[in-house]
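Close look at the chain arrangement
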Amino acid sequence: MLNTFNDIMRLVRWSNLLFLAALVWVMEKWIAVPILNKAAFGEQVPWYILLLVILATVLIAAGGYVINDYFDVKIDRINRPDELIVTRTISKPAAMRLSIALSAAGIVCGLVIAILLRSWTLGILFLIIPGLLWFYSSSYKRLFMVGNLIIALLAGMTPMVVAMTNVAQLQLRFAPILPYTTLTHDLYAWLGGFALFAFLLTWMREIVKDMQDQMGDRELECHSMPVVWGDTWTKVFVTMLILITLAVIGHLWYHVLPFPIGWNSLSTRYIVLGIITPLLGALGLLWAAKIPSDYKNCQLLIKFTMFLGMLYSICLRAL
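All of the points below concern the structure found in this document. Numbers given for residues are sequential positions, taken from 1 along each chain in its written order. Thresholds applied to this predicted model are a pLDDT of at least 70 for local features of residues and 80 or more for the giving and counting of side-chain atom pairs; totals over whole chains, interfaces and linings are not thresholded and use all residues. The side-chain numbers reported here are obtained from all heavy atoms of the structure, hydrogens and water having been left aside.

Focus: helix H12 (residues 266-288)
Here is the rule: Only DSSP runs of H or I with at least four residues qualify as helices, and only runs of E with at least two residues qualify as strands; both kinds are numbered from the N terminus onward. Expected span, for any helix, means 1.5 Å times one less than how many residues it has. A residue's bend is the angle separating two fitted axes: one through the seven residues that end there, the other through the seven that start there. Exposed residues in this analysis have more than 50% of their type's maximum accessible area, buried residues have under 20%, and partly exposed residues fall in between, with area computed by a 1.4 Å probe over protein chains only.
If you check H12, its first and last C-alpha atoms are 32 Å apart, about what 23 residues at 1.5 Å a residue would give, namely 33 Å. In H12, a bend of some 30 degrees at Ile276 exceeds every other bend along the element, and Pro278, a proline, comes one to four places later. Buried within H12 we find Ser267, Thr268, Tyr270, Ile271, Gly274, Ile275, Ile276, Pro278, Leu279, Ala282, Leu283 and Leu286.

Written out as structure tokens, the structure reads:
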């Protein structure tokens, strides 16, 4: 029984779900709330709605992870046979039922949020995302670049859901005066910056994961970027994404963020040491990579940089 529970936790990627829950909480408490407090509106989203947003995000993501492994059994037998769970300890019908149950629970949470906030946009969003995850796992991920972009867009949507939730709550309470404030702009601008960061890093990480898994992808005729373009041109593309990310960070650092840019600034030290340096390290690992374990180290460093990027929001209050 304990082994089955452990396998289910591995199947739903519990550590990734914990990161998602933390991301939603941090985006709300350390980005949205300070913006609202600065405008003298105070915290708007009730605790139970925030809890529902976290549950909806986590449950839908968990359902997506399960259905992804359901459709990837043949590929995983080649790429990571020691980590195979579906068909080895959990049957395919059981995995399908688990995925449907998790996704359905997440959709229900999302629809409750939409009803409470009277937001059709949020309601439609929480219906579309599980469908995208299903079609991604069943077919889109095998198409050239399409699957990578879908996952990157969904990663970027997490901070935007927090922004949309706050704006919907503000519309309920302050609709007549909201157009005369900059709150909507400020929420979407700040949270949009984190969304763009999550999008770019997730996109490059997904491509590096494809390089790690290309043996199984080639065997089953998946049209991932490394299969179609080869390693060298795929590395060039990921390098371009890293350089674009660094350029965006540089622009925000110099022209947008309202903090000093000297080395004595905590913001400067954090950006240089916590974001730029790991990204350059990932670039070095990428070009040195030759075997799957090398690519795994590279994508794990990119994932860690995403985590550090989230923590920058916690530092904002101390800057």
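Here's the deal with the environment of Trp253
Heads up, the condition is: Residue contacts are defined here by distance: any two heavy atoms, one from each residue, within 4.5 Å place the two residues in contact. The definition of a polar contact used here is a pair of N or O atoms within 3.5 Å, where within protein one atom must be able to donate a hydrogen and the other to accept one, and adjacent residues in sequence count solely through side-chain atom pairs.
By secondary structure assignment, the location of Trp253 is in helix H11 (residues 231-256). For the pair Trp253 and Thr268, spaced 15 residues apart in the sequence, the C-alpha separation amounts to 7.9 Å. Excluding residues that lie within four positions of it along the chain, Trp253 makes contacts with Ile261, Thr268, Ile271, Val272 and Ile276. A distance of 3.3 Å separates the side chain of Trp253 from the side chain of Thr268, its partner in a polar contact.

What to know about the pattern of salt bridges
The following threshold applies: One speaks of a salt bridge when a side-chain nitrogen belonging to Lys or Arg is within 4 Å of a carboxyl oxygen belonging to Asp or Glu.
Going through the model one piece at a time under the given rule, you end up with eight salt bridges. With its nearest N and O atoms 3.0 Å apart, the salt bridge here joins Arg10 to Asp7. Placement of the pair is Arg10 and Asp7 together in helix H1 (residues 2-11), with a separation of three residues, close to one helical turn. By relative accessible area, Arg10 is classed as partly exposed at 39%. A relative accessible area of 10% places Asp7 in the buried class.

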